[in-house]
Amino acid sequence: MLPNHFISADEQAELQLFTESLERFCDAEIEPHYRTWEKAGRVPRDLLRKMGENGYLCADVPDTYGGPGASVPFSFAVVEVLSRRGYGGFVGGLQVHNDIIPPYLLHCGTEAQRAHWLPRMASGEAIAAIGMTEPGAGSDLKAIRTTARRVSDSDGDHYVINGSKIFISNGQNCDLLVLAAKTDPAAGAKGVSLFLVDAATPGFTRGQNLEKIGQHAGDTSELFFNDMRVPLDALLGGVEGQGFVQMMRELPRERLIIGVQAVHGAKGALDATLKYVQERQAFGQPIGQFQNTRFTLAQCASDIAAAEAFLNASVAAYQQGQLTPEAVSALKLHTTELFSRVADACLQLFGGYGYMAEYPISRFWTDARVLRIYGGTSEIMKELVARGMLGR
Ligand SMILES: Cc1cc2nc3c(=O)[nH]c(=O)nc-3n(C[C@H](O)[C@H](O)[C@H](O)COP(=O)(O)OP(=O)(O)OC[C@H]3O[C@@H](n4cnc5c(N)ncnc54)[C@H](O)[C@@H]3O)c2cc1C
């Protein structure tokens, strides 16, 4: 980990201890079971409870809301450690829980909404997911068709939600879904609102756990809402039509954390490869002695170092409230494309063994691929960067 200049030396030392304790937790609680969880397509809910007990969940949520009350780098350190160890499938869902949903509650929620959900999320009692994407609306979020209609009847006032979502991380395990729906279908982006939906609500149904080409330990699902009644106070922030503004406000942290996942995933892929090329022999010498291997490793290390500097500058800008949508889009674009390139170059150095699921490098390679898609595709990132340059 490079020093973070926006936390004090004392905090840096605490961060080091935090990271070391998390490494020990991974050795004891994750590593022995990870392949079983990959086969099961999800991690056990109990894992999050154990992480909550140890302060690894929602690390920067203030203690007034039951969180550990640490600074942002502590929460990012969780993603760093797990990504570097090759637990990409778990990280995909965990970062939604730790880094994406808490800011929605903290910045946009009412006091009652924060008090209800954040302590349960920090303890791991409630697992959070976010539902934006629909079968007919991914990059083009304004096209979502899920509706939330406000009604008053003999049961009182509530919203009735109908529609579906797809590709939702933590879809099987979630207790809380931050759901994007249209409260005014005629108003375009201004008609979108976010709801805090308790997954136990009648009318909420989970589809199958989707089979993916990578990130096997993460559950990803379609979700269906059929005349699902939610109370009025499930509306995030209590004001209709704010959903798009809220999503645009919180997307930078989502893209930043994916950058963390990408850079540290690339470092993990390179670590695994460095070890392998010194052990594997061909033509009477370790393959690490071939110039091609040495140049490949050097190129990966140099590219990762540059990406990490970009990442650290972006984290610092975020901590100072200065990370722009264009800048974080450039970061996501750069780091996620880099992770795929590094994982691919490293896999090549494993030869046929790199194509075997038993070798963690294959997992880095498949896990890396989706980072260029979720949280906004590389093409959408380019659009956002260009918009910043051209003004539209
Ligand atoms: C494993 C996984 C986990 C996910 N987790 C979540 C989650 O938790 N919550 C959630 O809401 N969503 C989630 N997603 C959905 C993800 O964010 C979307 O898949 C992504 O935003 C792309 O949308 P799409 O799949 O509909 O592709 P489309 O929008 O249909 O895009 C198809 C292609 O067209 C390109 N394209 C689209 N528009 C443009 C344009 N204007 N200019 C140039 N090219 C364009 C895209 O870049 C892409 O190459 C997840 C997806 C996966 C695979």
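What you are looking at is a predicted structure, and each value in this text was computed from that prediction instead of being measured.

Caption draft 1: Structural detail: the overall build of the protein. A tally of helices and strands in the protein yields 11 helices and 9 strands. Relative to the globule expectation of 21 Å for 392 residues, the C-alpha radius of gyration of the protein, 21 Å, shows essentially globular dimensions. The principal-axis extent of the C-alpha atoms belonging to the protein is close to 80 × 45 × 45 Å. For the protein, with 392 residues in total, the buried portion stands at 53%. The long-range share in the protein, meaning contacts at least 24 apart out of those at least 6 apart in sequence, stands at 73%. On the protein, roughly 17,400 Å² of surface is accessible, and the fraction owed to carbon and sulfur atoms is 53%.

Caption draft 2: Highlighting the layout of surface pockets. One number sums up the size of the second largest pocket: a volume of about 320 Å³. Around the second largest pocket, the lining comprises 19 residues; the ones closest to its centre are Trp117, Leu196, Pro231, Asp233 and Ala234. Contributions of two or more residues to the lining of the second largest pocket are made by α6 (111–123), β5 (192–198) and β7 (220–231). Tallying contributions element by element places α6 first for the lining of the second largest pocket, with 4 residues.

Caption draft 3: Representation of the domain arrangement of the protein. Domain parsing of the protein yields domain 1 (4–127), domain 2 (130–239) and domain 3 (245–390). Of note, the centres of domain 2 and domain 3, computed from C-alpha atoms alone, are 31 Å apart. Between domain 2 and domain 3, the contact holds 11 residues from the first and 12 residues from the second. Between domain 2 and domain 3, roughly 880 Å² of surface is buried when both sides are summed, and carbon and sulfur atoms account for 65% of that area.

Caption draft 4: Spotlight on helix α3 (residues 45–53). Every buried residue of α3 is listed here: Leu47, Leu48, Met51 and Gly52. All buried residues of α3 lie within an arc of 140° about the axis, which places them on one face of the element.

Caption draft 5: Quick look at the site of the ligand. Neighbouring the ligand are 17 residues; Thr133, Ser139, Phe167, Thr377 and Glu379 lie closest to it. Within the contact set of the ligand, an oxygen atom lies 2.8 Å away from a backbone nitrogen or oxygen of Met132. Within the side chain of Ser169, an N or O atom sits 2.9 Å from a nitrogen atom of the ligand. Protein chains shield 64% of the accessible area of the ligand, which is 980 Å² for the free molecule. For the shell around the ligand, the secondary structure elements donating two or more residues are β1 (128–131), β3 (156–169) and α11 (378–390). The element best represented in the shell around the ligand is β3, accounting for 3 residues. Residues that form the shell around the ligand fall into these classes: 8 nonpolar, 7 polar and 2 charged.

Caption draft 6: Geometry of the pattern of salt bridges. Considering all chains together, one arrives at 17 salt bridges under this definition. Two residues, Glu308 and Lys267, come together in a salt bridge whose shortest N-O distance is 3.0 Å. Placement of Glu308 in helix α8 (residues 291–319) and of Lys267 in helix α7 (residues 243–279) is noted, with a sequence separation of 41 residues between them. On the basis of relative accessible area, Lys267 is assigned to the buried category, the value being 12%. Taken together, the shared-partner salt bridges in this structure form one network comprising Glu23, Asp27 and Arg85.

Caption draft 7: Broad picture of the pairing of β7. Relative to β7, β3 runs antiparallel, the two sharing 9 bridges. In the sheet register, Gly163 faces β7, and the bridge partner there is Phe225. Two strands pair when backbone bridges link them, and strand β6 (residues 204–209) and β7 are joined in this way by 4 bridges, in the antiparallel orientation. By the bridge assignment, Asn209 is partnered in β7 with Ser221.

Caption draft 8: Just the environment of Ala282, in detail. With respect to the helices, strands and loops of the structure, Ala282 is situated in strand β8 (residues 281–282). We classify Ala282 as partly exposed; its relative accessible area is 24%. The spatial distance from the C-alpha of Ala282 to the C-alpha of Val239 is 66 Å, given a sequence separation of 43 residues. Beyond its immediate sequence surroundings of up to four residues, Ala282 is in contact with Ile287 and Phe290.

Caption draft 9: Focus on the nonpolar core. The biggest cluster of nonpolar side chains holds 97 residues, and the ones touching the most others in it are Ile30, Met51, Leu82, Phe90, Ile101, Met247 and Leu256. Those residues in contact with Ile30 that lie beyond four places of it in its chain are Phe25, Trp37, Leu47, Leu82, Tyr87 and Phe90. Ranked by size, the runner-up nonpolar core spans 19 residues in total, among them Ala129, Ile161, Phe195 and Phe225.

Caption draft 10: Layout of the packing of aromatic side chains. Tallied over the full model, the rule gives 12 aromatic pairs. A ring pair is formed by Phe18 and Phe74, whose centres lie 5.3 Å apart and whose planes are at 65°; its orientation type is edge-to-face. Here Phe74 lies in helix α4 (residues 72–84) and Phe18 lies in helix α1 (residues 9–30), a separation of 56 residues in the sequence. A single burial state applies to Phe18 and to Phe74, both of which are buried. Joined through ring pairs, the aromatic side chains of Phe18, Phe25, Tyr56 and Phe74 make up one cluster.

Criteria and thresholds
- For every chain, the first residue of its written sequence is number 1, and the numbers climb from 1 along that sequence.
- The predicted origin of the model limits local features to residues at a pLDDT of at least 70 and limits the giving and counting of side-chain atom pairs to 80 or more, whereas totals for whole chains, interfaces and linings rest on all residues.
- Only hydrogens and water are set aside when side-chain values are computed; all heavy atoms of the structure are taken into account.
- In this text, helices come from DSSP runs of H or I with a minimum length of four residues, and strands from runs of E with a minimum of two, each type numbered from the N-terminal end.
- For this measure, only C-alpha atoms enter the radius of gyration; the expected value for a globule follows 2.2 Å times N^0.38, where N is the number of residues.
- Accessible area is worked out with a 1.4 Å probe on protein chains only. A residue is then buried under 20% of its type maximum, exposed over 50%, and partly exposed in between.
- Residues count as neighbours in contact if any of their non-hydrogen atoms are within 4.5 Å of one another.
- Values of accessible area rely on a 1.4 Å probe in the Shrake-Rupley scheme; residue burial ignores everything except the protein chains shown.
- Of the two site types, the cavity is a set of points on a 1 Å grid over the protein atoms alone where a 1.4 Å probe fits but cannot get out, and the pocket is an open set with protein on both sides within 12 Å along at least five of seven lines, each lined by residues with an atom within 4 Å of a point.
- Grid points are joined across faces, edges and corners, and a volume is the space filled by probe spheres set on the points.
- What marks off one domain from the next here is an automatic or database domain assignment.
- Joining two parts hides part of their accessible area as seen by a 1.4 Å probe, and the buried area is that hidden amount summed over both.
- Read the arc as the range of directions from the helix axis to the C-beta atoms.
- Being near a molecule or strand, for a residue, comes down to having at least one heavy atom within 4 Å of it.
- Think of a polar contact as two N or O atoms within 3.5 Å of one another; within protein, one of them needs to be a possible hydrogen donor and the other a possible acceptor, and neighboring residues in sequence only count if both atoms come from side chains.
- In the scheme used here, Gly and all other residues not listed as nonpolar or charged are polar, with Ala, Val, Leu, Ile, Met, Phe, Trp, Tyr, Cys and Pro taken as nonpolar and Asp, Glu, Lys and Arg as charged.
- A carboxyl oxygen of Asp or Glu within 4 Å of a side-chain nitrogen of Lys or Arg is what we treat as a salt bridge.
- Here a strand pair is declared whenever DSSP counts at least two bridges between the two strands.
- Residue types Ala, Val, Leu, Ile, Met, Phe, Trp, Tyr and Cys, when buried and joined through side-chain atoms within 4.5 Å, form a set referred to as a nonpolar core.
- Any two of the Phe, Tyr and Trp rings considered here, Trp counted by its six-membered ring, make a pair once their centres fall within 6.5 Å; the pair's planes then place it as stacked at under 30 degrees, edge-to-face at over 60, or tilted in between.

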